[in-house]
Amino acid sequence: MATANIEVSETPLVLYALRRADDALILGHRLSEWCGHAPMLEEDMALSNIALDLIGQARELYSYAAKVEGKDNDEDKLAYLRDVRQYRNLLLVEQPNGDFAQTLVRQFLYSAFADLYWRAMTASRDATLAAIAAKSEKESAYHLRHASEWLIRLGDGTDESHARAQAAIDHLWAFTGEMFAVDDGERALIHAGIAIDPGTLRGRWLQTVSGVIGEATLVLPQNDWMQQGGRSGRHSEHLGHLLSELQSMQRTFPGLTW
Amino acid sequence: MYTQALNTAETDDRGLEDAAKAAQFQARIDAEERIEPNDWMPAAYRKTLTRQISQHAHSEVVGMLPEGNWITRAPTLRRKAALLAKVQDECGHGLYLYAAAETLGSSREELVDAMLAGKAKYSSIFNYPTLTWADIGTIGWLVDGAAIMNQIPLCRCSYGPYARAMIRVCKEESFHQRQGYEIMLTLCRGSDEQKAMAQDSLNRWWWPVLMMFGPPDATSQHSDTSTKWKIKRFSNDELRQKFVDATVPQAQYLGLTIPDPGMKRDADGHWRYSEIDWAEFKQVLAGNGPCNRDRMAARRKAHEDGAWVREAAAAYAAKRAQRQTAQAAE
């Protein structure tokens, strides 16, 4: 049946591109949920803009994954015809929007990482990935600035905004460890100079994050237990609902051109 | 997206104003000069424009909701990005229209509060639901198409900030219109199910779109003043006819049927449509359209849920200003 999930041959490079594409698509999708409902028109614009950047990154990465795989898949099949267990994104990016503080903290934690990550990836020996990184790095730098400025305003704003921002940090912190984890397949890519080791970015990431959180008069959580599983398809319950919405047209009307 | 021809001009109150200034003002309008924010203008001109521009701004913002309804379900990544960018454009139109309205002396907050309190109108078209993906095509093709018909003459509106805003808005709307038509074209070249989806969508939107041009000229009472002030350059019926004449061949090209069995082409080449159900229009304006309550509820919720964020931003800005003053004093 055409609505069935596609099969993907997840060689290390295909899996690598899929993971980053899934991060970008899922986070972009989450941000797009705000469009028309943000606290002010300027943020309807800004969140949509960031969502568009991320969806753009996802499209390039999916297309590259499809090209490397060399089968019948394309960006839309990869996005619309894989189920929860085949999605490879970080648990962080699939977390629901919650209030504006939770959305901004999620963005802040991710962008602080993506900014460093894509900048380092511009040195990849894989020309396509290096080109995607060069574009993504510029976008991520802007996303980080937007999220940092908001986090400071919320943390150092009113008692209510401070409490909401702190609650969001406490809630999302456990999803940050996964950004730095690497499996064997990816380690091989790192050795080949195609990918970079995210573990080497952890110190600088923490420095950026603590700096902004400090300026926002907020604190880092003490609990350092980290959730993992997104990279291998063990997700939170939230992702299935997101995908059922995202994929509803392709699942209902299989194989058509839109 | 759109200003509806609901706007009725204030009655001319020149009698209460300096007659010489009023005459000079009208002479400038007659000479096709632009009126700018700091220029003298009759109070009724200011009030008419504030109402029209703010209604237009509200329409852009409320108009984000029916299309936003499909952002998370767009059928491909390309369509998803295009739709999100389009809705973002509408938001941008809202922002600069509020800015244009502010040049007349009312703040965005006041204008938004009036809309949320149900005292200001927005275009009736957004009180209809988007039920299928084809509705995203139809809105771009017809709703934005109707908006362009109405807004092109507004690029020459006598009030400078509004006219300039319309130039940019029209450029973006014309892109949206082509994008909507392209969605329809793709559906009409697709499967039987897709064609049926496109036809069903046209059936549901056709009459509400014709209503976007406002009541028929025979019943529209206040157009004279707006015409004299060169805010309005064509009557509701003139614009509606132009739109129908432009749209019928587009529908034919798509292979879709306009849901008006009485439609005929007259000797002058105009497509004459049947009587519009103005009772439905009145009901929608009165708040009884299929989505009036949902649209208002969504806008109020966004506003109320966002209150703490806006307060935090204001509190932070105040603290920062205070710190800077303290630092400067040291």
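1. Observations concerning the overall build of chain B
- Counting secondary structure elements, chain B contains 13 helices and two strands.
- Computed over its C-alpha atoms, the radius of gyration of chain B comes to 22 Å, within 12% of the 20 Å expected for a compact globule of 330 residues.
- With the C-alpha coordinates of chain B rotated into their principal frame, the extents come out at 75 × 50 × 35 Å.
- In chain B, which comprises 330 residues, the proportion classed as buried is 56%.
- Across chain B, every contact between residues at least 6 apart in sequence was considered, and the portion connecting residues at least 24 apart equals 81%.
- Total accessible area on chain B is roughly 13900 Å²; 53% of this is exposed by carbon and sulfur atoms.
- Each charge class in chain B was averaged separately, 42 positive and 42 negative side chains, and the resulting centres sit 3 Å apart.

2. A closer look at the packing of aromatic side chains
Residue and element names in this part refer to chain B.
- Tallied over the full model, the rule gives 18 aromatic pairs over all chains.
- Between Trp141 and Tyr181, the ring centres sit 5.7 Å apart and the planes meet at 65 degrees, which makes this aromatic pair edge-to-face. Pair noted here: Trp141 is in helix H6 (residues 134-151) and Tyr181 is in helix H7 (residues 160-188), with a separation of 40 residues, a long-range link. An identical accessibility class is assigned to Trp141 and Tyr181; each is buried.
- An angle of 85 degrees between the planes, with centres 5.3 Å apart, marks the rings of Trp278 and Phe281 as edge-to-face. One end of the pair is Trp278 and the other is Phe281, both in helix H11 (residues 278-288) and three residues apart, which spans about a single turn.
- Take Trp278: its relative accessible area is 14%, and that puts it in the buried class.

3. Observations concerning empty space enclosed by the protein
- As enumerated under the stated definition, the model contains two cavities of 30 Å³ or more in all.
- Approximately 70 Å³ is the volume attributed to the largest cavity.
- If you go around the largest cavity, the residues you meet are Arg79(B), Ala82(B), Leu83(B), Lys86(B), Trp133(B), Ile136(B), Gly140(B), His176(B), Gln179(B), Gly180(B) and Ile183(B).
- Elements with a minimum of two residues in the lining of the largest cavity: helix H4 (77-102), H6 and H7 of chain B.
- Class assignment for the residues of the lining of the largest cavity results in five nonpolar, four polar and two charged.
- Taken together, Arg20(A), Asp23(A), Tyr110(A), Phe113(A), Ala114(A), Tyr117(A), Trp118(A) and Arg231(A) make up the full set of residues lining the second largest cavity.
- Of all the secondary structure elements, the ones that give two or more residues to the lining of the second largest cavity are helix H1 (12-32) and helix H5 (100-121) of chain A.
- The element contributing the most residues to the lining of the second largest cavity is H5(A), with five residues.
- Grouping the amino acids of the lining of the second largest cavity by side-chain chemistry returns five nonpolar, no polar and three charged.

4. Some points on unusual backbone geometry
Residues and elements named next belong to chain B.
- The backbone of Glu32 sits at a positive phi, close to 65 degrees, despite the residue not being glycine.
- Counting through the fold element by element, Glu32 comes out in the loop between helix H1 (19-30) and helix H2 (43-62).
- Note on Glu32: relative accessible area 39%, which makes it partly exposed.
- Phi is positive for Lys230, close to 55 degrees, though the residue is something other than glycine.
- Counting through the fold element by element, Lys230 comes out in the loop between helix H9 (223-228) and helix H10 (236-254).

5. Some details on the environment of Thr128(A)
Residues and elements named next belong to chain A.
- Relative to the elements of secondary structure, Thr128 occurs in helix H6 (residues 127-155).
- We classify Thr128 as partly exposed; its relative accessible area is 29%.
- Counting along the chain gives 109 residues from Thr128 to Arg19, while the straight-line C-alpha distance between them is 16 Å.

6. Some points on the interface of chain B and chain A
- Listed by partner, the interface residues are 45 residues for chain B and 47 residues for chain A.
- When chain B packs against chain A, close to 4000 Å² is buried across both sides, 69% of that on carbon and sulfur atoms.
- When residues of chain B are sorted by the area they lose upon contact with chain A, Leu77(B), Gln88(B) and Trp308(B) head the list and together hold 19% of the total.
- Taken together, the connections running from chain B to chain A amount to three salt bridges.
- Among the ionic pairs, Arg108(B) bridges to Glu42(A), the shortest N-O distance being 2.4 Å.
- At the surface where chain B touches chain A, the tally comes to 17 residue pairs in polar contact (both at pLDDT 80 or more).

7. A look at the nonpolar core
- In this structure, Tyr62(A), Trp205(A), Tyr45(B), Trp133(B), Tyr159(B), Trp206(B) and Phe243(B) are the most contacted members of the largest nonpolar core, which totals 188 residues.
- With 14 residues, H5(A) is the largest single contributor of residues to this core.
- Each residue touching Tyr62(A), except ones within four places of it in the same chain, is listed here: Leu18(A), Ala21(A), Asp22(A), Leu25(A), Glu75(A), Leu78(A), Ala79(A), Arg82(A), Tyr87(A) and Leu77(B).

8. Describing helix H8 (residues 192-211) of chain B
- Between its first and last C-alpha atoms H8(B) spans 30 Å; for 20 residues at 1.5 Å apiece the expected length is 28 Å, and the two agree.
- Maximum bend of H8(B): about 35 degrees, positioned at Trp205(B), with proline Pro208(B) one to four residues after it.

9. Digging into the packing of H6(B) against H7(B)
All names here are of chain B.
- Taken N-terminus to C-terminus, the directions of H6 and H7 make an angle of 145 degrees; their axes are 7 Å apart at the nearest point. At the point where H6 passes H7, the crossing takes the left-handed sense. In this structure, H6 contributes Ala134, Ile136, Gly137, Thr138, Gly140, Trp141, Asp144, Gly145, Ile148 and Gln151 to the contact, and H7 contributes Met166, Val169, Cys170, Glu173, Ser174, His176, Gln177, Gly180, Tyr181, Ile183, Met184 and Leu187.

10. Quick word on the pattern of salt bridges
- Evaluation of the coordinates by the stated rule reveals 36 salt bridges over all chains.
- Between Arg28(B) and Asp39(B) there is a salt bridge; the shortest N-O distance is 3.1 Å. Of this pair, Arg28(B) sits in helix H1 while Asp39(B) sits in the loop between H1 and H2; the two residues are 11 residues apart in sequence, bridging distant segments of the chain.
- Judged by relative accessible area, which is 24%, Arg28(B) ranks as partly exposed.
- A relative accessible area of 22% places Asp39(B) in the partly exposed class.
- Residues participating in the shared-partner salt-bridge network are Arg19(A), Arg20(A), Asp183(A) and Glu186(A).

11. Let's talk about the side chain of Thr130(B)
- Secondary-structure assignment places Thr130(B) in the loop between helix H5 (108-116) and H6.
- If we ignore the near neighbours within four places in the chain, the residues touching Thr130(B) are Pro66(B), Asn69(B), Trp70(B), Asp135(B), Ile136(B), Ile139(B) and Trp205(B).

Thresholds applied
- For every chain, the first residue of its written sequence is number 1, and the numbers climb from 1 along that sequence.
- Following the order in which they are written, the chains are lettered starting with A and the ligands numbered starting with 1.
- Side-chain atom pairs in this predicted model are given and counted only at pLDDT of 80 or more, local residue features only at pLDDT of at least 70, and totals for whole chains, interfaces and linings cover all residues.
- With hydrogens and water excluded, all non-hydrogen atoms of the structure serve as input to the side-chain values.
- The helix and strand labels rest on DSSP assignments: H or I over at least four residues marks a helix, E over at least two residues marks a strand, and numbering proceeds from the N terminus.
- Two things to know: the radius of gyration comes from C-alpha atoms, and the globule rule equals 2.2 Å times the number of residues to the power 0.38.
- A 1.4 Å probe rolled over the protein chains alone gives each residue an accessible area, and that area as a share of the maximum for its type sets the label: buried under 20%, exposed over 50%, partly exposed in between.
- Whether two residues are in contact is decided by their heavy atoms, any of which lying within 4.5 Å being enough.
- All accessible-area figures derive from a Shrake-Rupley calculation using a 1.4 Å probe, and residue coverage is judged against the displayed protein chains alone.
- Asp and Glu count as negative and Lys and Arg as positive, but His and the ends of the chain are not part of the count.
- For charged residues, the charge sits on one atom: NZ in Lys, CZ in Arg, CG in Asp, CD in Glu.
- Two aromatic rings from Phe, Tyr or Trp, using only the six-membered ring of Trp, form a pair when their centres are within 6.5 Å; if the ring planes differ by under 30 degrees the pair is stacked, by over 60 it is edge-to-face, and anything between is tilted.
- Buriedness for pockets is judged along seven lines, at least five of which must meet protein on both sides within 12 Å for an open set on the 1 Å grid over protein atoms alone, while cavities are sets there where a 1.4 Å probe fits but cannot get out, and lining residues have an atom within 4 Å of a point.
- Grid points are joined across faces, edges and corners, and a volume is the space filled by probe spheres set on the points.
- Charged residues are taken to be Asp, Glu, Lys and Arg, nonpolar residues to be Ala, Val, Leu, Ile, Met, Phe, Trp, Tyr, Cys and Pro, and polar residues to be all remaining types, Gly included.
- Buried area: the sum, over both parts, of the accessible surface (1.4 Å probe) that disappears when the two are put together.
- One side-chain nitrogen of Lys or Arg within 4 Å of one carboxyl oxygen of Asp or Glu is enough to make a salt bridge.
- The term polar contact refers here to a pair of N or O atoms within 3.5 Å; inside protein, the definition further demands a hydrogen-donor-capable atom paired with an acceptor-capable atom, and it admits residues adjacent in sequence only when both atoms are side-chain atoms.
- Here, the term nonpolar core denotes a set of buried Ala, Val, Leu, Ile, Met, Phe, Trp, Tyr and Cys residues that are joined through side-chain atoms within 4.5 Å.
- The length a helix should cover is 1.5 Å for every residue beyond the first.
- The quantity called bend is, for any residue, the angle between two axes fitted respectively to the seven residues ending at it and the seven beginning at it.
- As a rule, the C-alpha atoms of each element are fitted with a line to give its axis, helices using only the stretch in contact, and angles between N-to-C directions run from 0 to 180 degrees.
- In this scheme the crossing of two helices becomes right-handed for a clockwise turn of the near helix relative to the far one and left-handed for an anticlockwise turn of less than a right angle.

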